[in-house]
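Residue-level structure breakdown
Now for the letters of each chain:
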Amino acid sequence: MASRTLTVADQITILRLVFIPVFAILEIERKFGWALAILSIAIISDALDGILARLLQQESAVGVALDPIADKLLMATAYLILAFRAALPWWITIVVLSRDAGLIITALLITLISGYRKFRPSLLGKISTFFQMATIFVTVYSQAHASFTTHFVVRVAVYFTLAFTIASSVHYLITQRTGQRTT
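Residues numbered from 1 in each chain as written. Predicted model: local features only at pLDDT ≥ 70, side-chain atom pairs only at ≥ 80, totals over all residues. Heavy atoms only, no water.

Summed over the entire model, instances satisfying the criterion amount to 6 aromatic pairs. Judged by centre distance (4.9 Å) and plane angle (90 degrees), the ring pair of Phe84 and Trp90 falls under edge-to-face. The class for Phe84 is exposed, based on a relative accessible area of 65%. Given a relative accessible area of 37%, Trp90 falls into the partly exposed group. Each ring, one from Phe131 and one from Phe164, has its centre 5.0 Å from the other, and the planes form 5 degrees; the classification is stacked. Linking Phe131 in helix 5 (residues 123–144) with Phe164 in helix 6 (residues 148–178), this pair joins segments that are 33 residues apart in sequence. Three or more aromatic residues joined by ring pairs form one cluster here, namely Phe130, Phe131, Phe160 and Phe164. (Phe/Tyr/Trp six-rings, centres within 6.5 Å; stacked < 30°, edge-to-face > 60°. Buried < 20%, exposed > 50% of the residue type's maximum accessible area, 1.4 Å probe, protein only. Helix = DSSP H or I, 4+ residues; strand = E, 2+ residues; numbered from the N terminus.)

With the rule as written, the count across this model stands at 6 salt bridges. Asp67 is paired through a salt bridge with Arg16; the nearest N and O atoms lie 2.5 Å apart. Note that Asp67 is positioned in helix 3 (residues 61–84) and Arg16 in helix 1 (residues 8–28), a separation of 51 residues in sequence. Several salt bridges converge on common partners, so that one network encompasses Arg16, Asp46, Asp49, Asp67 and Asp71. (Salt bridge = Lys/Arg side-chain N within 4 Å of Asp/Glu carboxyl O.)

Following this line, the structure appears as structure tokens:
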């Protein structure tokens, strides 16, 4: 991981960071179809950068640092905008952002006290992130193609997100407290 050049995966992650304000502007301007397209590309790029880094054996310190930052910024931006637009309830935004803030603070404290160590996401954490992103996707889809069915799907996605966000938070607290691996 000592390379100073940006790998293909790093460049895709940086592109995802560029998509965040583009998505936000499109969402604020109520161009929901375009916002959905940019969001879709951002979600695909999230999967693609990790796959490419592993397949090409190009995992880098930049990618390890930037990928979770890009994920959290996209998620925070989307949840806040969608809550301000009343497309998502504020309480789910608060739950999702509070979990992320708690994880970041915990990781920083552990790093300050014990030194750097890798924080690998647990299976529950990955499932939680999947439902959080899926909730954003179906909400923006619902804005672009408003119907009773999509509003119902948004409501269901919100409750799945709630359940897995709480479950992964509790799991993380238990495994970090007992020193178990989270993967």
